[in-house]
Amino acid sequence: MADAIHADVAIIGGGIIGLGIAHQLRRLGRSVALIDPWPANGATFAAAGMLAPVSELHYQEEELLELMVESSRLWPAFVGALAGGAHAAGYRTTPTLAVGADAADRRALADLRVVQKAAGLGVEPLALREAREREPLLSPQISCAFDIPTDHQVDPRKLAACLLAELSDHSSDDLSWVTGADNGFAVKALAHRLLWDEGRVSGVELESGTKVFATETVVANGLGAAGLDGLPEGLTLPLRPVYGDILRLRVPDNLQPLVTSTVRGIVRGVPVYIVPRDDGTVVIGATQREDGLSTASNAVSAGGVYQLLRDAQVLVPAVAELELLEATARARPGTPDNAPLLGRVAGTNGDIEGLVVATGFFRHGVLLTPVAARIVGELINGSTDAQWAPFRPDRFTASATGPRNFVPAHARSKESA
């Protein structure tokens, strides 16, 4: 068995949320052990990267809005702190264009705009002529267009590469260096269980048996969080896999640019989006399924691919002339209220020390990365903000009178190095 690893913070999960948290904690002067055998290869690998609090406002999910808007506000500073800046992360501030295919789609977008405007969000109708001046390859048959100037985008794959490069940018002489970890931070292994020491979480045991001891442990491994051994007894993390099919296509030179801004459409009541990338490709997505289709292999749904190409062509007919490069599917961790599980867990005498949960971000993982990183950083630095209490990870096992008190499991005796 390898020697134990020691860090200020152990982060289970190297998706975009875990990477963002690791980057923030390193900026706060903490050493970080990031535990993941395949960083950025889950939902992050497939994500389109739309930063769209306005477009993503859904009925009966208004409580999420404040969190999404706050995170959107943090994005310029978040990417600005990276060595390569916004360009290296594929961060673009071009506005989003929302369009409808037929009269029913026009009514649906108009109804949604009423909700968006009531929430103080900026979305304005565009004349169809003006919309096609902005995006000449839009179909002349679209029924309506709305301008959403504050909905932007980032390239999650580029962003993940930037964050990994930032985390690697230190030496063994630095206090941030974690001995026994690749590049002083990466632990490329699966987490098996949480370690406990006298009622507080003291780190993580890996599947190999190696132990990672840390003052704080962040559980940010998406769907895997619910199956982690050693969670506080009685704590329920009700996560479900929600798959999304996503396509990447190359735009030939004669059609460049296919679109200059993100186009989010509704086609016969079904959403679809087209997101342009800096490298001359586009991303097409919006399927959402819980059919369990070969989930172990991240299988792509043939029906989903057909639907995406069919509906995207209704909005931008030239999609039919693009080269299909990639069809990908990944599971996103959904919760009963579609909001994240973010924060500490209540114990018998206040919150359990040494443990923070950050999972269940569903379709908002990329958008919410900066605010999740900030909230976790504040928690680890000893401060809490009651504004974000509705997202506590123990909210689904709360009693009628308040948060439930969780206790360590039976085997949580003192661990020794």
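Described below are features of the structure shown in this document. (Residues numbered from 1 in each chain as written. Predicted model: local features only at pLDDT ≥ 70, side-chain atom pairs only at ≥ 80, totals over all residues. Heavy atoms only, no water.)

As for its position among the elements, Glu61 is in the loop between strand 3 (50-51) and helix 3 (65-80). Given a relative accessible area of 12%, Glu61 falls into the buried group. Contact partners of Glu61, with chain neighbours within four places excluded, come to Asn338, Arg363 and His364. (Helix = DSSP H or I, 4+ residues; strand = E, 2+ residues; numbered from the N terminus. Buried < 20%, exposed > 50% of the residue type's maximum accessible area, 1.4 Å probe, protein only. Contact = heavy atoms within 4.5 Å.)

Time to look at helix 7 (residues 156-168). Between its terminal C-alpha atoms helix 7 stretches 18 Å, which fits the 18 Å expected from 13 residues at 1.5 Å a residue. Along helix 7, the positions that sit buried rather than exposed are Pro156, Leu159, Ala160, Cys162, Leu163 and Leu167. Mapping the buried residues of helix 7 onto a view down its axis gives an arc of 160 degrees, with all of them on the same face. For helix 7, the secondary structure elements touched by its buried residues are helix 1 (16-27), helix 2 (43-46), helix 3 and helix 4 (85-88). You can read the cap of helix 7 off the contacts: a side-chain oxygen lies 3.1 Å from the backbone nitrogen of Arg157, and it is on Asp155. (Expected span 1.5 Å × (residues − 1). Arc of directions from axis to C-beta. Polar contact = N/O pair within 3.5 Å; in protein donor to acceptor, adjacent residues only side chain to side chain.)

Turning our attention to unusual backbone geometry. Residues Gln256 and Pro257 are joined by a peptide bond in cis, for which omega reads -15 degrees. Its location among the elements puts Pro257 in the loop between strand 12 (240-250) and strand 13 (263-267). One non-glycine residue, Asn338, adopts positive backbone phi at about 60 degrees. Relative to the helices and strands, Asn338 is located in the loop between strand 16 (323-334) and strand 17 (341-343). Overall, the relative accessible area of 15% leaves Asn338 in the buried class. Of note in the backbone geometry, Phe362 takes a positive phi value of approximately 50 degrees without being a glycine.

Attention now goes to the nonpolar core. Note on soluble globular proteins: their nonpolar side chains tend to be buried together. Membership of the largest hydrophobic core comes to 61 residues, with the highest contact counts inside it found for Ile11, Ile21, Trp75, Leu159, Val218 and Ala358. Breaking this core down by element, the ones donating at least two residues are strand 1 (5-12), helix 1, strand 2 (32-35), helix 3, strand 6 (144-148), helix 7, strand 20 (355-359) and helix 9 (369-380). For Val218, the contacting residues outside a window of four places in its chain are Val9, Ala10, Ile11, Ile12, Ile21, Val356, Ala358, Val376 and Ile380. Leu194, Leu228, Val345 and Val357 belong to the second largest nonpolar core, which has 30 residues in total. (Core = buried A, V, L, I, M, F, W, Y, C linked by side-chain atoms within 4.5 Å.)

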